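# Descriptive analysis of the structure
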Amino acid sequence: MFALMNSTRLESLHLSVDPVTGLKAVIAIHNSRLGPALGGCRYLAYPDDESAVADAARLAQGMSYKAALAGLPVGGGTAVILRPAHVENRAALFEAFGRCIEQLDGRYITATDSGTSVADMDCIAQYTRFVTSTSAAGDPSSHTAMGVFTGIRTTAMARLGSDNLEGLRVAIQGLGNVGYALAEQLHAAGAELLVSDIDHGKVQLAMEQLGAHPIANDALLSTPCDILAPCGLGAVLNRQSVGQLRCAAVAGSASAQLTNLQVADQLEGRGILYAPDYVINSGGLIYVALKHSGAELPTITAHLSNIGTRLTEIFAHAQAEKRSPARVADELAERLLYR
């Protein structure tokens, strides 16, 4: 555990249990130099406790980098609640987690993530004010999608020479809240959509409403397209899958898309432009961070344009230095966090 903390430069790791509700939670605080740690709370089943801790540490590190490059006055953190096989009272479990957050006295602010909802955040909010993505604050998914849409246009300009998405073939892997909202914006811009999701109902809806073309889940990555947009769970880009890609660029909302930086180098070697995930998907964090601090919607929307500006900067550095944008982004973030 300490080796993991050292390798990810984690500040602190908090483990909490509540036998009454069955709560088993991990809170990882990566870096608080720029402000209190802010990051989502995942509610997922894990094969073992070590996997949950590793997931929390990895995601917390990504949140620090994301916040730094988004120019936000917050640090990075992540919470993971290990989903039990059976839970008698979900509300009580999240209320217990709210009490855990309150004990940290503002060092960590939580929000929705995979497996959690606005209703869960409302339960947490009964016991702590250090929570966002509540009913009062609103779901950040649409803002994440807005940021990714901006990032796709920036990526298209850098790789294809134009930010006009008319007729562009975009393959979307995952049609969750963010993925579907992104698909709607791309459709409105005239893009041709190729979509896959384990939920066939969502694929059917995209076909009916957006004229999307359905692609089998195991075939999407090898399907010819202009831009691949991973919008599901992370680690989709590995040595084997990158070898199958038939796209000009990768730009999507999924967190931790790369299994390691060597995969980023592999993408660069194949001439596939990669938009660093924690830069392009920072719209949700921008929304929850600024909303929690009391900012109005016009201010938040204006801040989303920084995503395109930052990506343009990263792409320019990467091209000049003949390196992967992922490595450039990491170095820029680390200068802000550790200078």
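Residues numbered from 1 in each chain as written. Predicted model: local features only at pLDDT ≥ 70, side-chain atom pairs only at ≥ 80, totals over all residues. Heavy atoms only, no water.

Applicable threshold: UniProt positions are given in the numbering used here, feature names are shortened, and annotations may be inferred rather than shown by experiment.
In the annotation of an unreviewed UniProt entry, the entry for the protein chain reads Amino acid dehydrogenase, and the organism field reads Pseudomonas azadiae. Quoted straight from UniProt, the Sequence similarities (unreviewed entry) entry for the protein chain says "Belongs to the Glu/Leu/Phe/Val dehydrogenases family." The UniProt entry for the protein chain carries this comment under Function (unreviewed entry): "Catalyzes the reversible oxidative deamination of glutamate to alpha-ketoglutarate and ammonia."

## A closer look at the overall build of the protein chain
Quick reminder of the rule: Every helix listed is a DSSP run of H or I at least four residues long, and every strand listed is a run of E at least two residues long, numbered separately from the N terminus. Burial classification: accessible surface area is computed with a 1.4 Å probe over protein chains only, and a residue below 20% of its type maximum counts as buried, one above 50% as exposed, and the rest as partly exposed. For this analysis, residues touch if any pair of their heavy atoms sits within 4.5 Å. With residues, only the protein chains shown are counted as cover, and all accessible areas are computed by Shrake-Rupley using a 1.4 Å probe. Positive charges come from Lys and Arg alone, negative charges from Asp and Glu alone, with His and the N- and C-terminal ends not counted. By convention, charge coordinates are those of NZ in Lys, CZ in Arg, CG in Asp, or CD in Glu.
Along the protein chain, the regular secondary structure elements total 14 helices and 11 strands. Projected onto the principal axes, the alpha-carbon positions of the protein chain cover approximately 55 × 50 × 40 Å. Taken across its 339 residues, the protein chain has 55% of its residues classed as buried. Of the contacts formed within the protein chain by residues at least 6 apart in sequence, a portion of 64% connects residues at least 24 apart. Accessible surface for the protein chain amounts to roughly 14,300 Å². Of this, 52% is attributable to carbon and sulfur atoms. Of the side-chain charges in the protein chain, 25 are positive and 32 negative, and the distance between the mean point of each set is 7 Å.

## Overview of the sheet that holds strand S1 (residues 12-18)
Counted only if it meets this: Whether two strands pair depends on DSSP finding at least two bridges between them. Whenever a helix is involved, its axis is fitted only over the stretch in contact; in every case the axis is a line through C-alpha atoms, and angles between N-to-C directions fall within 0 to 180 degrees.
If you walk across this open sheet you meet the 5 strands as S1-S2-S4-S3-S5, and the pairing is mixed. A single partner strand is all that each edge strand has here, and the edge strands are S1 and strand S5 (108-112). When the angles between neighbouring strand axes are averaged without regard to direction, this sheet yields 25°. Here S1 pairs with strand S2 (residues 23-31) via 7 bridges, running antiparallel. Bridging across to S2, Leu13 finds its partner in Ala28. Most of the contacts of helix H3 (residues 90-103) go to S2, to which it runs at about 40°, and overall it touches S1, S2, strand S3 (37-44), strand S4 (75-82) and S5. Most of the contacts of helix H4 (residues 118-125) go to S5, to which it runs at about 150°, and overall it touches S3 and S5.

## Examining the nonpolar core
The criterion, for reference: Here, nonpolar core means buried Ala, Val, Leu, Ile, Met, Phe, Trp, Tyr and Cys residues that are tied together by side-chain atoms lying within 4.5 Å of each other.
Ranked by internal contacts, the top residues of the largest apolar core, which has 84 residues, are Ile81, Phe97, Ile152, Ile172, Leu182, Leu186 and Leu193. With sequence-adjacent residues up to four places away left out, Leu186 is seen in contact with Phe149, Ile152, Leu165, Val170, Ile172, Ala191 and Leu193.

## Quick word on the side chain of Thr8
Residue placement: Thr8 occurs in helix H1 (residues 2-8). Look past the residues within four positions of Thr8 in its chain and what remains in contact with it is His30, Ala57 and Gln61.

## Comments concerning the pairing of S3
Formally: The handedness rule is simple: strands pointing away from the viewer, and a clockwise path from the first strand over the helix to the second, make the crossover right-handed.
For S3, a buried count of 8 out of 8 residues is recorded, marking the element as mostly surrounded by other parts of the structure. Pairing between S3 and S4: 6 bridges, direction parallel. Note that in S4 the partner of Leu38 across the bridge is Gly76. Between the parallel pair S3 and S4, the chain is carried across by helix H2 (residues 49-70), and the sense of this crossover is right-handed.

## Here's the deal with the side chain of Asp18
Quick reminder of the rule: By definition here, a salt bridge exists when the distance from a side-chain nitrogen of Lys or Arg to a carboxyl oxygen of Asp or Glu is within 4 Å. Each polar contact in these results corresponds to two N or O atoms within 3.5 Å; when the atoms are within protein, one needs to be able to donate a hydrogen and the other to accept it, and residues that are neighboring in sequence are counted only if both atoms are side-chain atoms.
You can see Asp18 is positioned in strand S1. Despite its burial, Asp18 remains without a salt bridge, the nearest opposite charge being carried by Arg99 at 4.6 Å. Of note is the side chain of Asp18, whose polar atom sits 2.7 Å from the side chain of Thr21. In this structure, Asp18 is in contact with Leu23 and Ala96, ignoring residues within four places of it in sequence.

## Side note on the sheet that holds strand S6 (residues 169-173)
Spatially, 6 strands are ordered S8-S7-S6-S9-S10-S11 in an open sheet, and the strand pairing comes out parallel. Each having just a single partner strand, strand S8 (213-214) and strand S11 (273-274) make up the two edges of the open sheet. As judged from the 2 bridges shared by strand S7 (residues 192-196) and S8, these two strands associate in the parallel manner. Each bridged residue has a counterpart across the sheet, and for Leu194 the counterpart in S8 is His213. Of the strands in this sheet, S6, S7 and strand S9 (227-230) touch helix H6 (residues 177-188), which is tilted by about 170° from S6.

## Brief notes about the environment of Phe97
In this fold, Phe97 is placed in helix H3. Phe97 sits 226 residues away from Arg323 along the chain, and the two C-alpha atoms are 42 Å apart. Setting aside chain neighbours within four positions, we find Phe97 in contact with Leu23, Ala25, Ile27, Cys41, Ala79, Ile81, Thr110 and Ile124.

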